[in-house]
Amino acid sequence: VFTNLHGYYACKAVVIATGTNLGGRIFVGDAHYDSGPDGTHAATALTRCLVANGFTLRRFKTGTPARVHRRSIDFSKLECQPGDPDAELQPFSFMTRVPMHNKVNCYIAYTNPATHKVILDNLHRSPLYGGDIQGVGPRYCPSIEDKVVRFAGKDRHPIFVEPCGENTEEMYLQGASSSLPEDVQNAFYRSIKGFENIEIMRPAYAIEYDCVDPTSLEATLESKNVRGLYGAGQFNGTSGYEEAAAQGLLAGLNAARNALGEEQLILPRHTSYLGTLVDDLVTKGVMDPYRMMTSRSEYRLTLRQDNADQRLTPIGREYGLVQDDRWAKYQHTQNILEAERRRLHDAHLRTADLQEAMKAAGLAPAAEGGIAEELLRRPEIDYPLVAGIIGWGEGVTPMLAERLETEIKYAGYIARQDRMIHEVARHEKTLIPEDFSYEGLTGLTLEAREKLARIRPKNLGQAGRIPGVSPSDVAQLSIALAANKLKA
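Not measured: the values here are computed from a predicted model.

Cut-offs and rules
The written sequence of each chain sets the order in which its residues are numbered from 1. The predicted origin of the model limits local features to residues at a pLDDT of at least 70 and limits the giving and counting of side-chain atom pairs to 80 or more, whereas totals for whole chains, interfaces and linings rest on all residues. Hydrogens and water are ignored here; the side-chain numbers use all heavy atoms of the structure. Secondary structure elements are taken from DSSP: a helix is a run of H or I of four residues or more, a strand is a run of E of two residues or more, and numbering for both begins at the N terminus. We call a residue buried when its accessible area falls under 20% of the maximum for its residue type, exposed when it is over 50%, and partly exposed in between, using a 1.4 Å probe and counting protein chains only. Any two residues having at least one pair of non-hydrogen atoms within 4.5 Å are treated as being in contact. To measure how exposed things are, a 1.4 Å probe is used in the Shrake-Rupley method; for residues, cover is taken only from the protein chains shown. His is not counted here, nor are the chain ends, while Lys and Arg score as positive and Asp and Glu score as negative. Charge positions are represented by NZ for Lys, CZ for Arg, CG for Asp and CD for Glu. Using protein atoms alone on a 1 Å grid, points that fit a 1.4 Å probe yet trap it form a cavity, whereas open point sets bounded by protein on both sides within 12 Å along at least five of seven lines form a pocket; residues with an atom within 4 Å of a point count as lining. Grid points are joined across faces, edges and corners, and a volume is the space filled by probe spheres set on the points. Basically, the charged four are Asp, Glu, Lys and Arg, the nonpolar ten are Ala, Val, Leu, Ile, Met, Phe, Trp, Tyr, Cys and Pro, and anything else, Gly included, counts as polar. Aromatic rings from Phe, Tyr and Trp, taking only the six-membered ring of Trp, are treated as a pair when their centres fall within 6.5 Å; an angle between ring planes under 30 degrees marks them as stacked, one over 60 as edge-to-face, and anything in between as tilted. Definition used: whenever NZ (Lys) or CZ (Arg) falls within 6 Å of the ring centre and also within 35 degrees of the ring normal, the charge is taken to sit over that ring. Should a side-chain nitrogen of Lys or Arg be within 4 Å of a carboxyl oxygen of Asp or Glu, the pair is scored as a salt bridge.

Notes on the overall build of the protein chain
Moving on, step 1. Per the secondary structure count, the protein chain includes 17 helices and 14 strands.
Moving on, step 2. Counting only C-alpha atoms and orienting by the principal axes, one finds that the protein chain spans roughly 75 × 75 × 45 Å.
Moving on, step 3. Scored against the burial criterion, the 488 residues of the protein chain give a buried share of 44%.
Moving on, step 4. Residue pairs in contact within the protein chain that sit at least 24 positions apart in sequence constitute 69% of those at least 6 positions apart.
Moving on, step 5. When the accessible surface of the protein chain is totalled, it reaches about 25,700 Å², and 54% of it is carbon and sulfur.
Moving on, step 6. Charged side chains of the protein chain number 56 positive and 62 negative; the gap between the two group centres comes to 3 Å.

Written out as structure tokens, the structure is:
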């Protein structure tokens, strides 16, 4: 790898995580210049290098709102949005051992017809509408000028006022990204109730950047063009902090294992939202910056935040990411859950006790008692009510209680999804040789042949998820693979 200073670094594997710096170009009104975000350098030479090595690049764009000073906002005119009062119920990490509580609040402000008039009167000064910006923007995060134009019937749009950190005076105006000139930004922000005296610390801007066609990547996030080169984040055509962080974890893991000569990790769709995201990228590609919506996964009933440890900790342990203390805590948690499942399966609640508990909770008393597990399947009965009669299980926290209740109430649906996962797994096990030729398969449509030859899916399941490859194409491919196997 050569640098701007003509330095040279030899490496077995490298992860490109350029964000919006790759070919980055900033737009604020009629001012535009090569740059990464917040004054960082644009990586323009890297774009040329990638093209020279056979990469197909595309141009995307994103935007960011202004950062404003806390002291300039009249919070008494805004709606307070306190954090989740049950933050301790589900911390982000399963290793969290200290009580969680919210330290700062967010707020909501609203645009109004005066705000919209300022924006519409100056729309000709927006590089987005003036034709200066050519990149494709994110479908689910439009700029404020986009919202005003596309949703002309709306009198107001919410702006979420969020602290940039616990110890900073900067506030982030989520939902108000823009590429309008600074004077217009000052005018439309100050037309908003509570923002009359707002002080902009960093103006909003749009940024165009280069990214790769993700169908040129393996499911390990390794490039098919240059072995040992991995992509992560916006380089792969995604948008969003969580999406970038998750890809960085997978790409970093696989780059390290590649350098060590070890087997790399591929996460199937049913294991995680990361598995779904990567499969979507490398199989379907992207036409605009990709966001990971839960609706994109057909397995979202089992891809819950409360069981992420059960789905992924064993994988992390196998690939060297989970240390002994974390593994011991995971096993301890699984033992608690298993013991409590057995106890709920065996415990019997007397009718009189159940009716008394339900009456005390303000519920219509049940006709009769029964097995605790069966009673928990009823929508009106929860774990705390049952535990109030038979006692809380040893080691069961409120978080684990909610998890147990969810598993029991949705057991039938979860079992159905598990059957679907096993059925799909059969196709995933039907591997397609790397040198398999699709040209002679006249039973396939021309579109299917072209896309299969370009994407080169690893197995029959992935082939079936390629847009333009129909179930009949998959059937024809399955027959051809079986014939190949017999010949071999």
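Observations regarding the layout of surface pockets
Over the atoms rolls a probe the size of a water molecule, and in doing so it shows where empty space is left.
Moving on, step 1. The computed volume of the largest pocket comes to approximately 1,400 Å³.
Moving on, step 2. Lining the largest pocket are 34 residues, with Phe92, Ala246, Leu274, Ala308 and Leu312 sitting closest to its centre.
Moving on, step 3. Within the residue set of the lining of the largest pocket, elements represented by two or more residues are helix H6 (241–259), helix H7 (273–284) and helix H8 (308–318).
Moving on, step 4. Of the residues belonging to the lining of the largest pocket, the class tally is 21 nonpolar, seven polar and six charged.
Moving on, step 5. Looking at the second largest pocket, its volume works out to about 860 Å³.
Moving on, step 6. Together, 36 residues line the second largest pocket, and Thr62, Gly63, Thr64, Tyr172 and Tyr241 are the ones closest to its centre.
Moving on, step 7. Of all the secondary structure elements, the ones that give two or more residues to the lining of the second largest pocket are strand E4 (57–64), strand E8 (158–163), strand E9 (170–174), strand E11 (205–212) and H6.
Moving on, step 8. When its residues are assigned to classes, the lining of the second largest pocket shows 16 nonpolar, 14 polar and six charged.

Details of the side chain of glutamate 208
Moving on, step 1. Relative to the helices and strands, glutamate 208 is located in strand E11.
Moving on, step 2. Residue classification places glutamate 208 among the buried residues on the basis of a relative accessible area of 5%.
Moving on, step 3. What glutamate 208 contacts, discounting residues up to four positions off in sequence, is Thr20, Gly23, Gly24, Arg25, Phe27, Arg59, Phe60, Lys61, Asp132, Ile133, Gln134 and Gly135.

Some points on the packing of aromatic side chains
Moving on, step 1. Counting across every chain of the model gives six aromatic pairs.
Moving on, step 2. With a centroid separation of 5.1 Å and 75 degrees between ring planes, the pair formed by phenylalanine 436 and tyrosine 438 is classed as edge-to-face.
Moving on, step 3. On the basis of relative accessible area, tyrosine 438 is assigned to the buried category, the value being 2%.
Moving on, step 4. Arginine 296 extends its terminal NZ or CZ atom over the ring of tyrosine 290, reaching a point 4.2 Å from the ring centre.

Topic: the pattern of salt bridges
Moving on, step 1. Taken as a whole and assessed by the stated rule, the structure comprises 39 salt bridges.
Moving on, step 2. The partner of aspartate 121 in a salt bridge is lysine 117, with the nearest N and O atoms 2.8 Å apart. With aspartate 121 and lysine 117 both in helix H2 (residues 113–121), this residue pair falls four residues apart, about one helical turn.
Moving on, step 3. Residue classification places aspartate 121 among the partly exposed positions, given a relative accessible area of 42%.
Moving on, step 4. Using a relative accessible area of 52% as the deciding quantity, one classes lysine 117 as exposed.

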